[in-house]
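Close look at the chain arrangement
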Amino acid sequence: MKQTFYSNGKLLLTGEYVVLDGALALALPTKFGQNLIVEPNTSKKIQWKSIDQDGSVWFKDEFIFDEVIHKPFDAENSVRNTLLEILHEAFQMQPDFLLNATGFKIETQLTFPKNWGLGTSSTLINNIGQWLNIDAFELLQRSFGGSGYDIACAQKNTPITYQLIDNKPHFKKVSFAPEFSNHLYFVYLNRKQSSKTAIANYMNKQNEMGKTIEQINKITLSLLSNPDLRAFVYALEKHESLLSDVLETSTIKEALFDDFKGTLKSLGAWGGDFILAVSKENPTGYFYERGFQTVIPFDKMIIK
């Protein structure tokens, strides 16, 4: 019997980097996500196909069961290795899914372009968790690692606060639907860059992070207190300034858009994927002129 599973994508509004060390983060599930369609067959293999938002096939391969069980490494195919790692760890958590199976035809379908960075991996991991009835947070830690906020977004149809307490995820639904959402836009930067330097700077300051985390927590809570637009902008700019100092990295506005008439907030790893633009006027033309063609209004991106 064919089964279909779905998970939401994610954006992290506050707490990037510091969420790993217990900061209270505000995370937003997106209206875009990924489907996983599983159909049993008699191939004695896992026949896999991954489809991008435009209908193109971006990955296709087959895995014999023994590969999933023993996880051989293929130096030539990082995508294959990554998927095999996830399936292998899923098998470790739920061996019956292969030991009692005759084969599977599996298809993933993104509803956003995979290069957007909205959670191609996290939505896959959560879908596999649903399929095999295993803990997606544990599967994440066994395969990719990370804070897990993206798994929480995959599972919840509302904004959430997310925090690691004793390295365990704690998250709850919150109300976050700003009355000024018509002034909020998500802009795709279309530039993948290594964040190794920023991460290294962050890791070197672990002993100094207590005060910064406390300030980030206050900012997260302030955004949930129904601030007006002016207070919202102040909080975002304070957040950018704090992380800029910690990462020893220019803010995105300083680096790329110093003439932008509004506020810009990095989301997730600095320097790539999406940013949040706050502007009294629709900023689409401004970003188009500078080569950034994906500008999405808040209400078209975020599940509220």
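Remember, it's a predicted structure, so these values are computed and weren't measured experimentally.

1. Points about the overall build of the chain
The secondary structure content of the chain amounts to 12 helices and 11 strands. The dimensions of the chain, computed from C-alpha atoms along their principal axes, are 60 × 45 × 35 Å. Accessible surface computed for the chain: about 14,500 Å², of which carbon and sulfur atoms make up 47%.

2. Regarding the packing of helix α2 (residues 78–93) against helix α5 (residues 136–143)
Where α2 meets α5, the closest approach of the two axes is 9 Å, and the angle between their N-to-C directions is 130 degrees. On the basis of the axis angle, α2 is oblique to α5. In this structure, α2 crosses over α5, and the sense of that crossing is right-handed. Only Glu138, Leu139, Arg142 and Ser143 of α5 make contact with α2, whose side of the interface consists of Glu85, Ile86, Glu89, Ala90, Gln92 and Met93.

3. As for the packing of α2 against helix α4 (residues 120–132)
It is at 11 Å that the axes of α2 and α4 come closest, and there the two elements cross at 30 degrees. The orientation of α2 with respect to α4, classified from their angle, is roughly parallel. Classified by chirality, the crossing of α4 by α2 is right-handed. Across the interface between the two elements, Leu83, Ile86, Leu87 and Ala90 of α2 pack against Leu124, Ile125, Ile128 and Leu132 of α4. Considered class by class, the residues forming the contact of α2 with α4 number 8 nonpolar, no polar and no charged.

4. So, the pattern of salt bridges
Going through the model one piece at a time under the given rule, you end up with 11 salt bridges. Of the charged contacts, one joins glutamate 138 and arginine 142 as a salt bridge, the two residues approaching to 3.0 Å between their closest N and O atoms. Taken together, the residues span about one helical turn, with glutamate 138 and arginine 142 both in helix α5 at a distance of 4 residues. In this structure, arginine 290 engages aspartate 259 in a salt bridge whose closest nitrogen and oxygen atoms are separated by 3.0 Å. Here the residue arginine 290 occupies a position in the loop between α11 (284–289) and β11 (295–297), and aspartate 259 occupies one in the loop between α10 (252–256) and β9 (263–266), the gap between them amounting to 31 residues.

5. Considering unusual backbone geometry
Even without glycine at this site, aspartate 166 takes up a positive phi of about 55 degrees. Along the chain, the position of aspartate 166 falls in the loop between β6 (160–165) and β7 (168–173). On the basis of relative accessibility, which here comes to 71%, the residue aspartate 166 falls in the exposed class.

6. Side note on the sheet that holds β9
Read from one edge of the open sheet, 4 strands run β9-β10-β8-β11, paired in antiparallel fashion. Edge positions in the sheet fall to β9 and β11, since each of these pairs with one other strand and no more. Pairs of neighbouring strands in the sheet enclose a mean axial angle of 30 degrees, with direction left out of account. Bridging between strand β8 (residues 184–188) and β11 involves 3 bridges; their strand directions are antiparallel. Note on β11: the bridge partner recorded for phenylalanine 186 is isoleucine 296. In this fold helix α9 (residues 229–247) packs onto β8, β9 and β10 (274–278), with an angle of close to 45 degrees to the strand it touches most, β9.

7. Focus: the environment of lysine 304
With respect to the secondary-structure elements, lysine 304 resides in the segment after α12 (298–301). Since its relative accessible area comes to 46%, lysine 304 is described here as partly exposed. Here the alpha-carbon distance between lysine 304 and threonine 30, two residues 274 residues apart in the chain, equals 8.9 Å. In this structure, lysine 304 is in contact with Thr158, Pro159, Phe176, Ala177, Ser181, Phe298 and Asp299, ignoring residues within four places of it in sequence. Here aspartate 299 takes part through its side chain, which lies 2.7 Å from a polar atom of the side chain of lysine 304.

8. A short note on the pairing of strand β3 (residues 45–51)
One ladder, built from 7 bridges, connects β3 with strand β4 (residues 57–64); its direction is antiparallel. In the strand pairing of β4, lysine 45 is matched with isoleucine 64. What sits between β3 and β4 in their antiparallel hairpin is a turn of 5 residues, with glycine 55 showing a positive phi close to 90 degrees. Where β3 lies against strand β5 (residues 104–110), 6 bridges are found, and the strand directions are parallel. Looking at β5, one finds that serine 50 is bridged to threonine 108.

What counts and how
Every chain's residues receive numbers from 1 upward, in the order its sequence appears when written. It should be noted that, the model being predicted, local features are given only for residues of pLDDT at least 70 and side-chain atom pairs only at 80 or more, the latter also being counted only at that level, while totals for whole chains, interfaces and linings use all residues. Side-chain numbers here rest on the full set of heavy atoms in the structure, without hydrogens or water. Strands here are runs of E lasting at least two residues and helices are runs of H or I lasting at least four, both read from the DSSP assignment and numbered beginning at the N terminus. With residues, only the protein chains shown are counted as cover, and all accessible areas are computed by Shrake-Rupley using a 1.4 Å probe. Axes here refer to lines fitted to C-alpha atoms; in helices the fit is confined to the stretch in contact. Angles between the N-to-C directions go from 0 to 180 degrees. Here is the rule for angles: anything less than 35 degrees is roughly parallel, anything more than 145 is roughly antiparallel, 65 through 115 is roughly perpendicular, and the remaining ranges are oblique. Less than a right angle of anticlockwise turn of the near helix away from the far helix marks a crossing as left-handed, whereas a clockwise turn marks it as right-handed. Any pair of residues with heavy atoms lying within 4.5 Å of one another is described as a contacting pair. Three classes are used: nonpolar for Ala, Val, Leu, Ile, Met, Phe, Trp, Tyr, Cys and Pro, charged for Asp, Glu, Lys and Arg, and polar for all others, with Gly counted as polar. Should a side-chain nitrogen of Lys or Arg be within 4 Å of a carboxyl oxygen of Asp or Glu, the pair is scored as a salt bridge. Buried means the residue's accessible area, taken with a 1.4 Å probe over protein chains only, is under 20% of the maximum for its type, while exposed means over 50%, and partly exposed covers the values in between. By this definition, two strands are paired if DSSP reports at least two bridges between them. Here a polar contact is recorded for every N or O atom pair within 3.5 Å, except that within protein the pair must consist of a potential hydrogen donor and a potential acceptor, and residues adjacent in sequence are included only if both atoms are side-chain atoms.

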